[in-house]
Amino acid sequence: MKITVPDRILLLLTGLVASYQISVGIEGFSTLPMIAYSTAFGVLLIASLLLLILGFDLLDSPIVVIVTTIIPLSLAMGLVWQHLSNYRIPFLIFAIIGLFAIIVTRLIPIKNRLPLLTLVIVHGIAGLTIFLLPIFLVFNGSTSIGFILISVGGALIGLGGLFLALLKAGKPLLSREIIFRILPILLLLMTACFVAGFALV
């Protein structure tokens, strides 16, 4: 499917917003959250620029599922490390094992449902962490109301990741054309929500 000029503009804006977060928005965080957030927004920046240059054909690559896993896992890891000190090591172990499992089940041909099940579990836990943790922190008074935008971004990244993952798995929720048409605006809205949420914490 051919990428349009408006798509390229949206992807460029996404890259610019992500690069702002990398250069300015992560100041003041401790080491591991800074690494986690830099990884997430760095992958998002690179993915946006590659899509802008190479078009939607890039999404046919088997590495797409791995990339769409790194972003939510890194964001969730940063949030847990910052706000749930008792769960830091367990979540770090889950993130490493989860990413490794995704890589293995994508690079080795497996005919059963294991790749899809692995994908659902890893994405589900990471996505729910990004969505629910900021809501919890806002309602218990630990952060400002603006931090709820992280939850909105989490919902959007979960939706986009689900669309792409199921498309790659051959079980798409929407047609390929519709997914590619809404993806650029979804990426921009998601990135903007994350950046605004971190700025308003």
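What you see is a predicted model; the values in this text were computed from it and never measured.

Reading the values: rules and limits
Residues numbered from 1 in each chain as written. Predicted model: local features only at pLDDT ≥ 70, side-chain atom pairs only at ≥ 80, totals over all residues. Heavy atoms only, no water. Helix = DSSP H or I, 4+ residues; strand = E, 2+ residues; numbered from the N terminus. Rg over C-alpha atoms; globule rule 2.2 N^0.38 Å. Buried < 20%, exposed > 50% of the residue type's maximum accessible area, 1.4 Å probe, protein only. Contact = heavy atoms within 4.5 Å. Areas by Shrake-Rupley, 256 points an atom, 1.4 Å probe, with all protein chains shown as cover. Lys, Arg positive; Asp, Glu negative; His and termini not counted. Charge placed at Lys NZ, Arg CZ, Asp CG, Glu CD. Core = buried A, V, L, I, M, F, W, Y, C linked by side-chain atoms within 4.5 Å. Axes fitted to C-alpha atoms, helices over the stretch in contact; angles between N-to-C directions. Parallel < 35°, antiparallel > 145°, perpendicular 65-115°, else oblique. Left-handed = near helix turned anticlockwise from the far one by under 90°. Nonpolar A, V, L, I, M, F, W, Y, C, P; charged D, E, K, R; others polar. pLDDT = per-residue confidence, 0-100. Patch = residues over 30% accessible without salt bridge, like charges linked within 9 Å, V, L, I, M, F, W, Y side chains within 5 Å. Salt bridge = Lys/Arg side-chain N within 4 Å of Asp/Glu carboxyl O.

Caption draft 1: Looking closely at the overall build of the protein chain. Secondary structure summary: the protein chain contains 7 helices and 0 strands in total. Reading the protein chain from its N end, one meets helices and strands in the order α-α-α-α-α-α-α. For 201 residues, the compact-globule estimate of 2.2 N^0.38 gives 17 Å, and the C-alpha radius of gyration of the protein chain, at 16 Å, lies within 12% of that figure. Across its three principal axes, the protein chain shows a C-alpha extent of roughly 45 × 40 × 25 Å. Expressed as a percentage of the 201 residues in the protein chain, the buried residues total 45%. Considering only intrachain contacts with a sequence separation of at least 6, the fraction spanning at least 24 residues in the protein chain is 72%. Carbon together with sulfur atoms contributes 75% to the accessible area of the protein chain, which is approximately 9900 Å² in total. Counting 10 positive and 5 negative side-chain charges, the protein chain places the averaged centre of each group 10 Å from the other.

Caption draft 2: How the structure looks around the nonpolar core. In terms of nonpolar packing, the biggest core is built from 53 residues, with Phe41, Leu59, Leu75, Leu79, Phe194 and Phe198 touching the most fellow members. At the level of secondary structure, the elements contributing two or more residues to this core comprise helix 1 (5-25), helix 2 (31-54), helix 3 (63-83), helix 4 (88-107), helix 5 (114-139), helix 6 (148-168) and helix 7 (176-199). Element by element, the count of residues in this core is highest for helix 3, at 11 residues. The contacts of Phe194, once residues within four sequence positions are left out, are Phe41, Leu75, Ile130, Ile150, Gly153, Gly154 and Ile157.

Caption draft 3: Focus on the packing of helix 2 against helix 7. Running from N to C, helix 2 and helix 7 point in directions that differ by 155°, and their axes come no closer than 12 Å. For the element pair helix 2 / helix 7, the angle class is roughly antiparallel. Note that helix 2 runs across helix 7; the crossing there is left-handed. Contacts between helix 2 and helix 7 pair Tyr37, Phe41, Leu44 and Leu51 from the former with Leu183, Leu187, Met190, Thr191, Phe194, Val195 and Phe198 from the latter. Across the contact of helix 2 with helix 7, the residue classes break down as 10 nonpolar, 1 polar and no charged.

Caption draft 4: Structural view of the confidence of the model for the protein chain. Looking at the protein chain as a whole, its pLDDT mean stands at 86, while 97% of the residues score no less than 70. Least confident of the elements in the protein chain is helix 6, whose mean pLDDT is 82; most confident is helix 4, at 91.

Caption draft 5: Examining the environment of Gly15 more closely. Mapped onto the secondary structure, Gly15 falls in helix 1. Judged by relative accessible area, Gly15 falls into the buried class, the value being 2%. For the pair formed by Gly15 and Leu50, sequence separation is 35 residues and the distance between their alpha carbons is 10.0 Å.

Caption draft 6: How the structure looks around a nonpolar patch on the surface. Together, Val5, Ile9, Leu12, Leu13, Leu16, Ile46, Leu49, Leu50, Ile53 and Leu54 give the surface a local cluster of nonpolar side chains, amounting to about 910 Å² of exposed area. Where the nonpolar patch is concerned, the elements lending two or more residues are helix 1 and helix 2. In this structure, Leu50 sits in helix 2. Taking the relative accessible area as the measure of exposure, Leu50 reaches 35% and is therefore partly exposed.

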